[in-house]
Amino acid sequence: QSTGEQKSQEVNHKLVLARLEAEKDEWFTNANSTKVDAIMQFLQVCIIQRSMFTASDAIYCAKFVELCHKMQASNFSTLIYFDRIFSDVSHIVTNCTDNEASRYGRFLCETLKGISRWHKDKALYEKECGKSPGFVHIIRGDPNSDGAKRIEKYLDYENFRHVCCKWHFKLTKAMVFCFDSKDYSQIRNGLTVLNKILPEFPVVLNLAQALEKRILKVKEEEKKERPDLYALAMGYSAQLNSRRNTFIAEEKFHHVEKKTPETTAASRNSSPARKDKRAESVKRRDDTESEKKRRREDDLKKEGERKSAEKKVKQDVSPKTKANGVRERDSETDENRSKIRKK
């Protein structure tokens, strides 16, 4: 019986694939829309909404996109799709319920898993993406030159690794935004999503450190105010620490060019971790300046009090007091003179 059911499912699977293959060129083709418009409509109408229904729907959405890429559906840009997914995370997480955030996190995890496969294996990337229409990007010519053209090229492996790092950075930035918002729902949903994508994210060391700092801040702020958020943050922090030995330096995740002195200053704040350091140094400088200002004000205040006290003492010394002092000195002088005469 099980063999017969398996054969029946295999036949149904082939029929479904045949139908999808026949219809794929009509899904994203519209004379009045660009690739970006087609992807945005696809995300809004199909993917985002269904990915939050159930856990199985979340996985189905990620797998269906992989199928669109594999079938090379007409006008479907895999690069634009992934870029929009990781650009809109903070907006989607903000409007989720707790259960929806959990399912959306599962969808992101499955999406990251597919990207990670290509990132780790150059041969696999060249086979599945190297000549795929979904990985075509546009190089714009010099606008100042005559006859500037838009040149379409396939994204090579090293540039794909650069793009992967950019997507991871966007995802980190979205989570940091949620934690900095102080909003209960955003913090809770952010922690829920991070727990679901933990097997695939974070991978880069400096991004993991930026998240770790924000989680520490959440724990400190919510320990007494909102204990449920504190418990969530503690749980995620423990799991993150258990994966510390899997993090890799940014130089190993993608090729990082050596920076010249001119470009070093411009790119100093390219990661959340560096932004945190700069913010801390600015805060320390501000604290030092405010402390100096406070000390100057205290010194001026003390000087003013001292002068007013001296003035008050001078006013308290009346003419009568001065006259009594003169009489006492004169009587002492007369007594001394009489003693001398007796001797």
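Look up a bit, the structure's there.
Residues numbered from 1 in each chain as written. Predicted model: local features only at pLDDT ≥ 70, side-chain atom pairs only at ≥ 80, totals over all residues. Heavy atoms only, no water.

Novice: Could you clarify how one ought to interpret the pattern of salt bridges in this entry?
Specialist: Should their charged atoms come close, side chains of opposite charge can pair. A complete count under the given rule lists 14 salt bridges for this structure. Across the pair Asp88 and Arg84 runs a salt bridge, and its minimum N-O distance is 2.9 Å. We classify Asp88 as buried; its relative accessible area is 18%. Through salt bridges that share partners, Lys63, Glu110 and Lys113 make up one connected network. (Salt bridge = Lys/Arg side-chain N within 4 Å of Asp/Glu carboxyl O. Buried < 20%, exposed > 50% of the residue type's maximum accessible area, 1.4 Å probe, protein only.)

Novice: Hey, could you run me through empty space enclosed by the protein in this one?
Specialist: Over the atoms, a rolled probe matching the size of one water molecule traces out where space is still vacant. Considering all chains together, one arrives at two cavities of 30 Å³ or more under this definition. Roughly 90 Å³ of volume is contained in the largest cavity. In terms of lining residues, the largest cavity is bounded by Ala62, Val65, Glu66, His69, Thr78, Tyr81, Phe82, Glu110, Thr111, Gly114, Ile115 and Trp118. Sorting the residues of the lining of the largest cavity by element identifies helix H3 (55–71), helix H4 (78–87) and helix H6 (98–120) as the ones contributing at least two each. (1 Å grid on protein atoms, 1.4 Å probe; cavity = no way out; pocket = protein on both sides within 12 Å on 5 of 7 lines; lining within 4 Å. Points joined across faces, edges and corners; volume = space filled by probe spheres on them. Helix = DSSP H or I, 4+ residues; strand = E, 2+ residues; numbered from the N terminus.)

Novice: Sorry if this is basic, but what is going on with the nonpolar core here?
Specialist: Most often, soluble globular proteins have nonpolar side chains that are buried together. Of all hydrophobic cores here, the largest spans 68 residues; its most connected members are Tyr81, Tyr104 and Phe107. The leading source of residues in this core is helix H8 (residues 157–180), at 11 residues. Not counting residues within four places of it along the chain, the set of residues in contact with Phe107 comprises Ile47, Ser51, Ala58, Cys61, Ala62, Tyr81 and Ile85. (Core = buried A, V, L, I, M, F, W, Y, C linked by side-chain atoms within 4.5 Å. Contact = heavy atoms within 4.5 Å.)

Novice: Even after reading the chapter, I still don't get unusual backbone geometry, so can you show me in this structure?
Specialist: Trans is the common state for peptide bonds, and a negative phi is the common state for residues other than glycine. A cis geometry characterises the amide bond from Phe201 onward to Pro202, with omega recorded as 0°. As for its placement among the helices and strands, Pro202 is situated in the loop between helix H9 (184–197) and helix H10 (205–225). Backbone geometry at Gln72 places phi at a positive 55°, although glycine is not the residue there. Positionally, Gln72 belongs in the loop between H3 and H4.

Novice: Any chance you could explain the environment of Lys131 here in plain terms?
Specialist: Structurally, Lys131 can be placed in the loop between helix H7 (122–128) and strand S1 (136–140). You can call Lys131 exposed: its relative accessible area is 66%. Taking the C-alpha atoms as reference, Lys131 lies 8.5 Å from Leu155; in sequence the two are 24 residues apart. Not counting residues up to four positions away in its chain, the partners in contact with Lys131 are Glu126 and Tyr154.

Novice: How should I be thinking about the packing of helix H2 (residues 35–50) against H4 in this particular structure?
Specialist: Look at H2 against H4: their axes get within 10 Å of each other, and the N-to-C directions meet at 55°. It follows from the interaxial angle that H2 and H4 lie oblique. For the pair H2 and H4, the crossing hand works out as right-handed. Touching Lys35, Val36, Ile39, Met40, Phe42, Leu43, Ile47 and Ile48 of H2 are Ile80, Tyr81, Arg84 and Ile85, all from H4. (Axes fitted to C-alpha atoms, helices over the stretch in contact; angles between N-to-C directions. Parallel < 35°, antiparallel > 145°, perpendicular 65-115°, else oblique. Left-handed = near helix turned anticlockwise from the far one by under 90°.)

Novice: Mind showing me how you'd approach the side chain of Glu200 here?
Specialist: Take Glu200: it is sitting in the loop between H9 and H10. The side chain of Glu200 sits in the buried core without any salt bridge; Lys113 is the nearest counter-charge, 5.3 Å away. Ignoring sequence-local partners within four residues, the contact set of Glu200 consists of Cys109, Leu112, Lys113, Ser116 and His168. (Lys, Arg positive; Asp, Glu negative; His and termini not counted.)

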